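# Coordinate inspection notes
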Amino acid sequence: MLRGITNFFDRMVQRFLPDAFLFAIILTLVVFGLGIFFTGSSPGQMVQFWGDGFWNLLAFAMQMSLIVVTGYILANTPLVKAALSKISTLAKTPGQAIVLVTFVAGIACVINYGFGLVAGALLAVHVARRVPNVDYRLLMASAYSGFILWHGGFSGSIPLTIATEDHFLADSIGSIAITDTLFSSMNIFIIVTLLLSLPLLNLWLLKSSGDLSKNNLDFLENEDKAEQQMAATTAELTPAERMENSRIISYFIGALGLAFIVYHFVRNGFDLNINIVNFIFLFLGILFHQTPRRFLNSVNDGVKNAGGIIIQFPFYAGIMGMMVASGLSEQMSNWFVSISTEFTFPVLAFISAGIVNFFVPSGGGQWAVQAPIMIPAAMDLGVSTAKTAMAVAWGDAWTNMIQPFWALPLLAIAGLKVKDIMGFCVIILFWSFIPISIALLFFN
């Protein structure tokens, strides 16, 4: 039965799921039509909403792009790569490969989702080289499955946003410490349950996978060639080239960065917001790459991996513009609120967030859309605002399993298309609904 279910979803995805960019275009057309049909907006108004919203997330898009790029930079440093290569030696069989990649990717995404996406993919490539008979598509799906944990981790944009003193809802709910969100018993239960169960689920899926996919190790081969070319530089260097290869410069600027990081935490306590996360990963990357030239080479590669995200973000901002300005997102959220009770509200908020995430695949952007509706409703029903925020956060993370937006960096490294992994991700989506819902229903 499991083989039949898995193969069914795999076939459906392979046949009908378009490229991630086309997926964004299709969602644009769907929201355009829904706005006209359900809100009474005219086609001209919907076009205006779309165009007005197109550039509204540029600052946030820059933060998100930097999280992916700086995560890639750090994951690609010799120190971290050596650690990934060492970890990959733990896998001797296909089953061990699946379990190892899933667990490590999950831990890495809890630390930082940009780092987790890239580290999981790089580890999967290292493991595929050592265990060539593993199903490569499932191995990469296992690496991506760890991404479902990100919004309950240290780079979660919603809990970090509401922990900031001047966030846009501060006047009504104040700032909510991460001890009430990320370190709540509810969130810890979800994190631990998924960390332990996802490796077993993916191992179970291994038994149902069909023909083995050919491993695509072009990434590592190209990387090896690049490193050989770097090592083959001539002894005669110009003054500019000496500066580019100077460790002193990297160590000096890296030390300045570390000094500010220490100052930040001494001054602000454990204030782990998006900007400081990017700052930490950026300056650790500078230090660990040791020379400006190696760092810049890694930056160039990281930007390539973020290319799909950069070009698609404005389209999703346009979708969000239509969703918000037409009132479509408000109608959708209000419908879930209207059928909620104090007991069911967190789960229904989670489901509504999962649906909205298809059209606004950005945790911070989605929070801007849903928070003005969900927070007042939670206060009226007597539901914790911290729990409501985490319900929306987990909804955003949940449907990322079948929303291709954030899979792009991993797929770029793997040399795969989104349809290659989404059949497996559908099963992961179904399973993860269970522990998340239990926590939202029964934990305070």
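The coordinates are above.
Note that the structure is predicted; figures quoted are calculated from it, not measured. (Residues numbered from 1 in each chain as written. Predicted model: local features only at pLDDT ≥ 70, side-chain atom pairs only at ≥ 80, totals over all residues. Heavy atoms only, no water.)

## Focus on the nonpolar core
Quick reminder of the rule: We call a set of buried Ala, Val, Leu, Ile, Met, Phe, Trp, Tyr and Cys residues a nonpolar core when their side-chain atoms join them within 4.5 Å. Each residue is assigned to one of three classes by its accessible area relative to the maximum for its type, calculated with a 1.4 Å probe on protein chains only: buried under 20%, partly exposed between the two thresholds, exposed over 50%. Numbering of helices and strands starts at the N terminus; helices are DSSP runs of H or I of at least 4 residues and strands are runs of E of at least 2. Should any heavy atoms of two residues lie within 4.5 Å, those residues are considered in contact.
Counting 143 residues, the largest nonpolar core has Tyr144, Trp394, Trp406 and Ile421 as the members making the most contacts within it. The leading source of residues in this core is helix H7 (residues 113-130), at twelve residues. In contact with tryptophan 406, other than residues within four places in its own chain, are Met64, Val68, Tyr113, Leu117, Tyr144, Phe147, Ile309, Phe313, Pro361 and Asn400.

## Quick notes on the packing of aromatic side chains
The cut-off we apply is this: Note on aromatic pairs: the rings of Phe, Tyr and Trp (six-membered ring only in Trp) are paired at centre separations within 6.5 Å, and the planes decide the class, stacked below 30 degrees, edge-to-face beyond 60, tilted for the rest.
The full count for this structure, using the stated rule, is 19 aromatic pairs. Where tyrosine 113 meets phenylalanine 147, the ring centres are 5.9 Å apart and the plane angle is 65°; that geometry is what we call edge-to-face. Of this pair, tyrosine 113 sits in helix H7 while phenylalanine 147 sits in the loop between helix H8 (136-145) and helix H9 (157-162); the two residues are 34 residues apart in sequence, bridging distant segments of the chain. Of the two residues, tyrosine 113 and phenylalanine 147, both sit in the buried class. Taken together, the aromatic side chains of Phe21, Trp50, Phe54, Trp55 and Phe315 make up a single cluster linked through ring pairs.

## As for the packing of helix H19 (residues 345-359) against helix H23 (residues 419-442)
Note the threshold: Angles run from 0 to 180 degrees between N-to-C directions of axes, and those axes are lines fitted to C-alpha atoms, restricted for helices to the stretch in contact. To sort the angles, those under 35 degrees are grouped as roughly parallel, those over 145 as roughly antiparallel, those from 65 to 115 as roughly perpendicular, and the leftovers as oblique. A clockwise turn of the near helix away from the far one marks a right-handed crossing, whereas an anticlockwise turn of less than a right angle marks a left-handed crossing.
In contact at an axis separation of 8 Å, H19 and H23 are set at 140° when each is read in the N-to-C sense. Taken as axis vectors, H19 and H23 run oblique relative to one another. Regarding H19 and H23, the two cross each other, and that crossing is right-handed. Residues Pro346, Val347, Phe350 and Ile351 of H19 touch H23, and the partners they reach there are Phe433, Ile436, Ser437, Leu440 and Leu441.

## Focus on the side chain of aspartate 420
The test is simple: His is not counted here, nor are the chain ends, while Lys and Arg score as positive and Asp and Glu score as negative. Should a side-chain nitrogen of Lys or Arg be within 4 Å of a carboxyl oxygen of Asp or Glu, the pair is scored as a salt bridge. Polar contact is defined as a pair of N or O atoms within 3.5 Å, subject to the rule that within protein one atom must be able to donate a hydrogen and the other to accept it, and that residues adjacent in sequence are counted only when both atoms are side-chain atoms.
Inspection of the secondary structure puts aspartate 420 in helix H23. Put simply, aspartate 420 is tucked away with no salt bridge, and the nearest opposite charge, on arginine 137, sits 5.1 Å away. Engagement of the side chain of aspartate 420 in a polar contact is seen with the backbone nitrogen of lysine 417, the distance being 2.8 Å.

## Remarks on unusual backbone geometry
A positive phi angle, close to 75°, is found at glutamine 290, a residue other than glycine. Residue glutamine 290 is classed as partly exposed on the basis of its relative accessible area, which comes to 26%.

## Looking at the packing of helix H20 (residues 363-381) against helix H21 (residues 385-398)
Here is the rule: Under this grouping Gly is polar, as are all residues other than the nonpolar Ala, Val, Leu, Ile, Met, Phe, Trp, Tyr, Cys and Pro and the charged Asp, Glu, Lys and Arg.
Running from N to C, H20 and H21 point in directions that differ by 145°, and their axes come no closer than 10 Å. Crossing handedness for the pair H20 and H21: right-handed. Where H20 approaches H21, its residues Gly363, Gln366, Trp367, Gln370, Met374, Ile375, Ala378 and Met379 are matched on the opposing element by Thr385, Thr388, Ala389, Val392 and Asp396. Grouping the amino acids of the contact of H20 with H21 by side-chain chemistry returns seven nonpolar, five polar and one charged.

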